[in-house]
Amino acid sequence: MRNLIFGAALAISSLFGLTAHAEPVAGQQYVELKSPVPVSKPGKVEVVELFWYGCPHCYQFEATLNPWVEKLPEDVNFVRVPALFGGIWNVHGQAFITLESMKVEHKVHDAVFNAIHQEKKKLASAEEFADFVATQGVDRDAFLKTFNSFAVKGQMEKAKKLAMAYQITGVPVMIVGGKYRFDLGSAGGPQQALQVADHLIAKEREAL
C-alpha cells in the first residue's frame, strides 16, 4: 500500500531531521509546489493534512498532531482531506466526508481510528461504517443517506483534484498555504514535521 513506503523513508530521513535550532530548507525538509493551489479561506494561513484512516503512520501521528492543532492561532485554518487512491481508501474517505457533512466528525474521528488500528475492524463498506458510527451515537440511516448524497460525491471529486494538485503519492502529507508540501519522512519525524509547519506558517503569514 502507498502509505507503507513511509516507514523506510522515515527511518532514513530521521537521520537528517531538524535539530532544535535548524531552519527547514526547501528541497530538503519540504518542497515548494510549482503551481500554488488556492486555499479554502483566503486571508488565513491554511494547513492541510492528507490522511487515510487505514494508515498506521496517520494513526500514530494523531497523538502529536491533535494537541498542536488545538493551539493554532485564529489566523490559521487547519483542514483534513482524505486521500482517495481507490478501494477501501475511497470508502474511508467518503465516510470521513460524510461525518464532516453531518457535523459529527469531531465526535467520532478518534473512535474510527481506534476501531481500525486497535480493534482491527476494517470498516470496508458503507454499511460496516454505518454500523460502527451508530455505536458512537450517529444515526445509521442518516449516515447512509448522506454517504450516498450528491453533495458528498461532489466533495469526493474535490478531494481527488486537491490530491492531484498537491502531487501526493502517500500519506500523511501536509500542505501549508497551498504552496509547501512535506511529510514525516522529509521532515524527520512527527515532531519535526510540526516544526516545519510552524516555520512555513510564519513564512506564509508574512506573505499575506
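Residues numbered from 1 in each chain as written. Predicted model: local features only at pLDDT ≥ 70, side-chain atom pairs only at ≥ 80, totals over all residues. Heavy atoms only, no water.

Engineer: Describe unusual backbone geometry, and please don't skip the residues or the numbers.
Structural biologist: The linkage connecting V171 with the following residue, P172, adopts the cis geometry, with an omega of 0°. One non-glycine residue, K103, lies in the positive phi region at around 60°. By secondary structure assignment, the location of K103 is in the loop between helix 3 (88–101) and helix 4 (105–117). A relative accessible area of 65% places K103 in the exposed class. Unlike most non-glycine residues, Q167 shows phi in positive territory, near 60°. Inspection of the secondary structure puts Q167 in the loop between helix 7 (150–166) and strand 4 (173–176). (Helix = DSSP H or I, 4+ residues; strand = E, 2+ residues; numbered from the N terminus. Buried < 20%, exposed > 50% of the residue type's maximum accessible area, 1.4 Å probe, protein only.)

Engineer: Lay out the packing of helix 3 against helix 4 with the relevant residues and their values.
Structural biologist: Packing of helix 3 against helix 4 leaves a shortest axis separation of 9 Å and a crossing angle of 155°. Between helix 3 and helix 4, the interaxial angle falls into the category roughly antiparallel. Handedness of the helix 3/helix 4 crossing: right-handed. When helix 3 is examined against helix 4, the residues H92, F96, L99 and E100 are found in contact with a partner set consisting of E105, V108, H109, V112 and I116. Among the residues making up the contact of helix 3 with helix 4, the classes are represented as five nonpolar, two polar and two charged. (Axes fitted to C-alpha atoms, helices over the stretch in contact; angles between N-to-C directions. Parallel < 35°, antiparallel > 145°, perpendicular 65-115°, else oblique. Left-handed = near helix turned anticlockwise from the far one by under 90°. Contact = heavy atoms within 4.5 Å. Nonpolar A, V, L, I, M, F, W, Y, C, P; charged D, E, K, R; others polar.)

Function cannot be read off these values alone, since they describe shape.
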